[in-house]
Amino acid sequence: MTTDQIWIIARSSGTAALVALVLSILSGMALRSGALAWLSHNRGVRAIHDLSSILWLPLIVVHVITLMLDPYAKVGVIDLFIPFLVSYGSFAVGLGTISLQLIVIVLIATWLRSKLSHEGWLSIHRLSYFAFVGAFAHGLLAGTDFAQPVLGALAWLTAAVLLIVGFRRLTASRTRQSPARSKTVAIP
Amino acid sequence: MLPGIVRDELIVVKQPKRSPLMTSVNAIRALAAGITMLSLAGMTVYAGDHLHNQSAPLQPAVAGAAAAPAKTTTTSTTGRLQLARGVSTTTTRAVTTTHHS
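Residues numbered from 1 in each chain as written. Chains lettered and ligands numbered in written order. Predicted model: local features only at pLDDT ≥ 70, side-chain atom pairs only at ≥ 80, totals over all residues.

A. Up close: the overall build of chain B. Looking only at helices and strands, chain B has two helices and two strands in total. Each helix and strand of chain B, ordered N terminal to C terminal, gives the series α-α-β-β. For chain B, with 101 residues in total, the buried portion stands at 8%. (Helix = DSSP H or I, 4+ residues; strand = E, 2+ residues; numbered from the N terminus. Buried ≥ 20, exposed ≤ 12 C-beta atoms within 10 Å, placed from the backbone.)

B. The overall build of chain A, seen in detail. Within chain A, the regular secondary structure consists of six helices and zero strands. Sequence-ordered secondary structure for chain A, helices as α and strands as β, is α-α-α-α-α-α. For chain A, the C-alpha atoms occupy an extent of roughly 80 × 40 × 30 Å along the three principal directions. A sequence separation of at least 24 residues applies to 62% of the contacts in chain A between residues at least 6 apart. (Contact = placed C-beta atoms within 7 Å.)

C. Local environment of the interface of chain B and chain A. At the interface, 29 residues of chain B touch 34 residues of chain A. The element that contributes the greatest number of residues to the side of chain B that touches chain A is helix α1 (residues 25-49) of chain B, accounting for 14 residues. A breakdown of the residues in the side of chain B that touches chain A according to their chemical character gives 21 nonpolar, seven polar and one charged. (Nonpolar A, V, L, I, M, F, W, Y, C, P; charged D, E, K, R; others polar.)

D. Region of the structure containing helix α5 (residues 127-142) of chain A. Here α5(A) is 16 residues long and its end C-alpha atoms lie 22 Å apart, about the 22 Å a rise of 1.5 Å per residue gives. Every buried residue of α5(A) is accounted for by A:S128, A:A131, A:F132, A:G134, A:A135, A:F136, A:H138, A:G139 and A:A142. (Expected span 1.5 Å × (residues − 1).)

E. Seen up close, the nonpolar core. If you look at the biggest cluster of nonpolar residues, it comprises 47 residues, and the most contacted ones within it are A:A17, A:A20 and A:L21. Among the elements of the structure, α1 (3-33), α2 (42-69), α3 (90-111) and α5 of chain A together with α1 of chain B are those that each provide at least two residues to this core. For this core, the element with the highest residue contribution is α1(A), accounting for 16 residues. Filtering out sequence-adjacent residues up to four positions away, A:A17 remains in contact with A:W56, A:L59, A:I60 and A:H63. (Core = buried A, V, L, I, M, F, W, Y, C linked by C-beta atoms within 7 Å.)

F. Structural detail: the environment of A:L18. Residues and elements named next belong to chain A. With respect to the element layout, L18 can be found in helix α1. Given 26 C-beta atoms within 10 Å, L18 falls into the buried group. L18 sits 59 residues away from V77 along the chain, and the two C-alpha atoms are 22 Å apart. Apart from residues lying up to four places away in sequence, L18 is in contact with A135 and G139.

G. Region of interest: the confidence of the model for chain B. The share of residues in chain B with pLDDT of 70 or more is 45%, and the mean pLDDT across the chain is 72. Both scores are available for the predicted complex, with the pTM at 0.75 and the ipTM at 0.85. (pLDDT = per-residue confidence, 0-100.)

H. Structural detail: unusual backbone geometry. Residues and elements named next belong to chain A. Positioned with a positive phi, K74 is a non-glycine residue whose angle comes to about 55°. In this fold, K74 is placed in the loop between α2 and α3. With 15 C-beta atoms packed within 10 Å, K74 lands in the partly exposed category. Positioned with a positive phi, F84 is a non-glycine residue whose angle comes to about 65°. In this structure, F84 sits in the loop between α2 and α3. Given 13 C-beta atoms within a 10 Å radius, F84 is considered partly exposed.

I. Geometry of the packing of α1(A) against α2(A). All names here are of chain A. At a minimum axis separation of 7 Å, α1 and α2 run at an interaxial angle of 155°. Here α1 is positioned roughly antiparallel relative to α2, judged by the angle of their axes. Classified by chirality, the crossing of α2 by α1 is left-handed. Each residue belonging to the contact of α1 with α2 can be placed in one class, and the counts come to 19 nonpolar, eleven polar and one charged. (Axes fitted to C-alpha atoms, helices over the stretch in contact; angles between N-to-C directions. Parallel < 35°, antiparallel > 145°, perpendicular 65-115°, else oblique. Left-handed = near helix turned anticlockwise from the far one by under 90°.)

J. Region of interest: the packing of α3(A) against helix α4 (residues 118-125) of chain A. All names here are of chain A. For the pair α3 and α4, interaxial distance at closest approach is 9 Å and the crossing angle is 155°. Classified by the angle their axes make, α3 and α4 are roughly antiparallel. Crossing geometry of α3 relative to α4 is assigned as left-handed. Residues I105, V106 and A109 of α3 form the contact with α4, whose participating residues are W121, I124 and H125. Of the residues belonging to the contact of α3 with α4, the class tally is five nonpolar, one polar and no charged.

K. Geometry of the environment of A:V19. Examined against the element boundaries, A:V19 turns out to sit in helix α1. Considering only alpha carbons, one finds A:V19 and A:D4, 15 residues apart in sequence, at a separation of 23 Å. Setting aside residues no more than four positions away along its own chain, A:V19 makes contact with B:I35, B:T36 and B:S39.

Shown next, in the form of structure tokens:
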């Protein structure tokens, strides 16, 4: 495999992994807020959430392996465990490392869900929001393609959609948590 | 009294629930997989056509050095030759080989 082919696969798998992560986060938030109710019922949205997490895994494995093979990136095995050590673009690459580690923790917690308390699992599961922010920043700061106007605009648009759905999810859960706040108005 | 509301009685009119666009779980799975695979294929084609992006935030140092050859000599306005450290790169093919004993 040539250096150029490795570089192409590294870029495409990284972008596709981010797309899978977006689908996972979006569908996860939509489960509570009903933001995707127009598209499918909750079982369908749950199916997207489960599948996108499975799709993300091989893509990120390919992304990491190809970057380890890339002679310019110079990512080593140690960089998968300790962020910001890599000499080339250390901050941008380090964000990707942290994001990867957080999602791996979330996935492990999902597989061990039956052995964890609901609160414990939920607090670990919420790390995926931080993981997405890290992955998005990694894409912007290290990604070759997000500097391209059309792809950059698409990425920001996706982030804006996630922000809106996240806000809806937050307000939906608050309304559900405090039903006593709703007022009962007597009709004369 | 508000029009349309009967005294001491609240009539709740339920709006008919809109059915979602996709009811099949397999179809929605295929859609999610399709979006991801389309982005993978699209980016592979795009990256193949645009191997280098000059506006990318990270530029490898080696590629930058190759694009801008180092200056070795400069002539000042006084006409005096000034030497600077550096090795200039060449694109011409090597005509000699190193002998390994």
